[in-house]
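# Chains, contacts and geometry: an overview
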Protein chains: 2
Amino acid sequence: MNGFVYDIPTKVYFGSGQLQHLGMELSRLGKRILLVYGGGSIKKNGLYDSVTWELKRMGLMFFELGGIAPNPRVESVREGAALCKKEKLDVILAVGGGSVIDAAKYIAAAACVDFDPWKFMSEQAPLKEALPVVTVLTIAATGSEMDSGGVITNLSTNEKLCRFAPPLQPQVSFLDPKNTYSVSRYQTACGTADIMSHIIEVYFNMTPDLQMLDGIMESLMKTVICYAPVVLADPENYEARANLMWAGSWAINGFIKGGKQQAWSCHPMEHELSALYDITHGLGLAILTPRWMEYTLDETTASKFVQFGVNVFSIHPGLPPMEIAMESIRRISEFFFHTLGLNRTLGEIGIDDSQVTLMAQKACRGDRILGFKTLYPQDVEKIYQMCI
Amino acid sequence: MNGFVYDIPTKVYFGSGQLQHLGMELSRLGKRILLVYGGGSIKKNGLYDSVTWELKRMGLMFFELGGIAPNPRVESVREGAALCKKEKLDVILAVGGGSVIDAAKYIAAAACVDFDPWKFMSEQAPLKEALPVVTVLTIAATGSEMDSGGVITNLSTNEKLCRFAPPLQPQVSFLDPKNTYSVSRYQTACGTADIMSHIIEVYFNMTPDLQMLDGIMESLMKTVICYAPVVLADPENYEARANLMWAGSWAINGFIKGGKQQAWSCHPMEHELSALYDITHGLGLAILTPRWMEYTLDETTASKFVQFGVNVFSIHPGLPPMEIAMESIRRISEFFFHTLGLNRTLGEIGIDDSQVTLMAQKACRGDRILGFKTLYPQDVEKIYQMCI
């Protein structure tokens, strides 16, 4: 059992009506704000007005950077950082989902350095400081609102790279489940698949760690499985949206990780897919995860699948282990493809096998994925093939 | 469902061998340290030497305040604060259990004000700042290492009072399960009862909140129930000590509370017992909790006991609800009195009913306890009677 450092300093205002504290929290951190948002849905649903009213009420000067795309581009980071430098901005306020927040984090870091921000990703350039980031979350998915990571895409090199660094941790996040009411059925499903994948990537691990954390991961997975269909049937169900939203933050803020050192498997494979085909991250994860499970299930890993099947899906523990394991994969497939209604194959979304060799090489960074089971490029290629 | 603010900024170094980071963390916060500890067990087991070696290695000046008693006294707080003022100390380092940490927190606050520290408790005097507190935990119990509360006893008025305030939150805590190996069987049992009570006080609540948090509380309770007997049989079992230790922090750091507003019940009743008879807090809680459960179980509350019985003790959900409820109380009694081996009654530890009327009045602060079920002084008196 490894030791670990637990350090999640983000303060979270959770619930409806908390936005009244936004101006006060921002003015603790600075006076000149960069407001970052996405494609404009916050203008339709009134959140843009609520946020800017708060800023004006507190006499805060703000500049805007809208139009952050899903799988946010390094170009947006460059643009935001240039604006921060030119206008001497001192706080970044992200209003949106994971893409907006990830872009905001790297804008905050890029505003503090003289080099091109893609070097943070491609060369692991030093990331020692960043402007403070405050977020108002609008979708339960990436958990970026409470972690120190971010994913940025460079379409000119077909790369989608992720990096964690403490200065990227948001200072304050506002989580109002009502702000997720207007998220579409498809995006809700993809966000839910992303949350589930974050837990699965940590849970499937053969190195013993704190059993307490396994129990908590099982609780989180059961929460997601319980409330996802409620949200899809009744998008304005506060209780269901609230449970999904808070589970989404705790799936990836570092708590469940404990001392586990293992690399993730499905995320690097998915990042190659969405870097090349620009598909929704959660959809890619949903398609990949059950195939990765099938590929990694064997005598040496079956016990983890049995634990998963018994504790999360209440499969009878008296059945033969391999039967429980296979049934658990069937159940999680059913969750992704039936409950969430996501596409079952890459073929269905128009992706063929022409790029699998290249993607497999890139997912392995020219080496291998040291995840739940070590995957070499030829393994990753087979998993991609199983998805088509 | 109420909103809430989540804010747990304590950084935790968890695991064996983390003490090498103590000096670096302290020197970020100050240069002149007050080292606070208890009855000297840390001198016997070598922890005192490890800690002071770290301080010397980093060239930190330190002063000592040893001899903090269980149920720490306001006199120790006065003494520590006076030393801080006289020697211009800037960080408090608590090495010990909940009593040492609670004393350290109030020393840290009292060092910043001109009035007598008992006014923090008796008059809710303003508590706006405190010196930074760093802890090295030696027993899994109160959770003080990761929360902003502390309990101080004034024997001259027979009062034991608790208060939470953000400046009391430790900045950094070191949790090494090996530092709990030498905790006696009795103190381990009492600490475990305290952890269990912290979860029960929050879990037993009829106002709906995030179901996700109920699931996590059930996981935490199952963790405690699973590992407590392992620790008692094998005190140097790292895995079991580690699970108990981390569960103890998460039982009370604020996470499981969510938006629940309800006051606690058994803690105020127990504080009167230990204020008057100086018994161990966890023992008092173990004796009180099952009687409080019996007293509060009725048609309106049975559903919570059913959830508890089914999800924590795996009692068959098909049984009649009241039967499940009563069986769940029998099981938790068995845990406290059989598994942990704690005394079953107040009578067994020499406490009679001569003070129950007075204690009931004080537990209700002359009014009532607005807990799981509202308890008036006559209710509390009956619960004390059931314990004798």
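Residues numbered from 1 in each chain as written. Chains lettered and ligands numbered in written order. Predicted model: local features only at pLDDT ≥ 70, side-chain atom pairs only at ≥ 80, totals over all residues. Heavy atoms only, no water.

In the annotation of an unreviewed UniProt entry, chain A is listed under the name Iron-containing alcohol dehydrogenase and assigned to Yanshouia hominis.

Residue and element names in this part refer to chain A. Turning to helix H15 (residues 377–387), its buried residues are Pro377, Asp379, Val380, Ile383, Tyr384 and Cys387. All buried residues of H15 project into a common sector of 160° when viewed along the axis, lining one side. Those residues of H15 hidden inside the fold are in contact with helix H10 (266–277), helix H11 (281–296), helix H14 (356–363), strand E10 (369–370) and strand E11 (374–375). (Buried < 20%, exposed > 50% of the residue type's maximum accessible area, 1.4 Å probe, protein only. Helix = DSSP H or I, 4+ residues; strand = E, 2+ residues; numbered from the N terminus. Arc of directions from axis to C-beta. Contact = heavy atoms within 4.5 Å.)

Residues and elements named next belong to chain A. Packing of H11 against H15 leaves a shortest axis separation of 9 Å and a crossing angle of 125°. Taken together, H11 and H15 sit at an angle that is classed as oblique. Considering only the axes of H11 and H15, their crossing is right-handed. On H15, the residues touching Ile287, Leu288, Arg291, Trp292, Glu294 and Tyr295 of H11 are Asp379, Lys382, Ile383, Tyr384, Met386 and Cys387. By residue class, the composition of the contact of H11 with H15 is eight nonpolar, no polar and four charged. (Axes fitted to C-alpha atoms, helices over the stretch in contact; angles between N-to-C directions. Parallel < 35°, antiparallel > 145°, perpendicular 65-115°, else oblique. Left-handed = near helix turned anticlockwise from the far one by under 90°. Nonpolar A, V, L, I, M, F, W, Y, C, P; charged D, E, K, R; others polar.)

Before going further, it helps to examine the nonpolar core. As a rule of thumb, nonpolar side chains are buried together in soluble globular proteins. Of all hydrophobic cores here, the largest spans 237 residues; its most connected members are Trp246(A) and Trp246(B). Not counting residues within four places of it along the chain, the set of residues in contact with Trp246(B) comprises Phe4(A), Tyr6(A), Leu210(A), Met212(A), Leu213(A), Phe255(A), Val12(B), Phe14(B), Met146(B) and Leu175(B). (Core = buried A, V, L, I, M, F, W, Y, C linked by side-chain atoms within 4.5 Å.)

Take helix H13 (residues 321–339) of chain A next. Residues and elements named next belong to chain A. In a regular helix each residue adds 1.5 Å, so 19 residues correspond to 27 Å; H13 covers 25 Å between its end C-alpha atoms and thus fits that length. For H13, the full list of buried residues reads Ile324, Ala325, Ser328, Ile329, Ile332, Ser333, Phe335, Phe336 and Phe337. Those residues of H13 that are buried are in contact with helix H7 (185–203), helix H8 (211–233), H11 and helix H12 (302–313). Taken from the residues just after H13, glycine 341 is the one with a positive phi, measuring 70°. (Expected span 1.5 Å × (residues − 1).)

Let us look at the domain arrangement of chain A. Residue and element names in this part refer to chain A. By domain assignment, chain A separates into domain 1 (11–179) and domain 2 (184–387). Averaged C-alpha coordinates put domain 1 and domain 2 at centres separated by 27 Å. Of the residues lining the interface, 28 residues belong to domain 1; the matching set on domain 2 comes to 27 residues. Sorting the residues of domain 1 by area buried against domain 2 places Met146, Lys160 and Pro177 first, and these three jointly supply 27% of that buried surface. Viewed at the interface, domain 2 and domain 1 are joined by two salt bridges. One salt bridge in this structure joins glutamate 270 and lysine 160, with 3.7 Å as the shortest N-O distance. Inspection of the region where domain 1 meets domain 2 yields six residue pairs in polar contact (both at pLDDT 80 or more). For the side of domain 1 that touches domain 2, the element with the most residues is strand E8 (residues 159–164), which contributes four residues. For the side of domain 1 that touches domain 2, the class distribution of residues is 14 nonpolar, seven polar and seven charged. (Domains from an automatic or database assignment. Buried area = accessible area lost by both parts, 1.4 Å probe. Salt bridge = Lys/Arg side-chain N within 4 Å of Asp/Glu carboxyl O. Polar contact = N/O pair within 3.5 Å; in protein donor to acceptor, adjacent residues only side chain to side chain.)

This brings us to the relation of the copies chain A and chain B. The two chain copies are connected by a rotation around an axis plus a translation along it. Here chain A sits on chain B after a turn of 180° about the axis and a move of 0.0 Å along it, with an RMSD of 0.0 Å. On this basis, the relationship between the two copies can be described by a two-fold rotation axis. Across chain A, the rotation axis passes nearest the C-alpha of Pro9(A), at a separation of 2.3 Å. Most of the interface of chain A is mirrored in chain B: 100% of its interface residues are interface residues there too. (Least-squares fit on C-alpha atoms with pLDDT ≥ 70 in both.)

For the rest of this paragraph, the subject is the UniProt feature "domain: Fe-containing alcohol dehydrogenase-like C-terminal" (unreviewed entry) in chain A. Here the UniProt feature "domain: Fe-containing alcohol dehydrogenase-like C-terminal" (unreviewed entry) sits at residues 188–385 of chain A. Helix makes up 65% of residues 188–385 of chain A and strand 2%, with an end-to-end C-alpha separation of 27 Å. (UniProt positions renumbered as here; feature names shortened; annotations may be inferred.)

A positive phi angle, near 55°, is found at Ser314(A), a position not held by glycine. When you line up the elements, Ser314(A) lands in the loop between H12 and H13. According to the relative accessible area criterion, Ser314(A) is exposed, its value standing at 62%. We note that Gln124(B) has phi near 50°; this positive angle belongs to a residue other than glycine. Mapping Gln124(B) onto the fold places it in the loop between helix H6 (118–122) and strand E6 (133–137).

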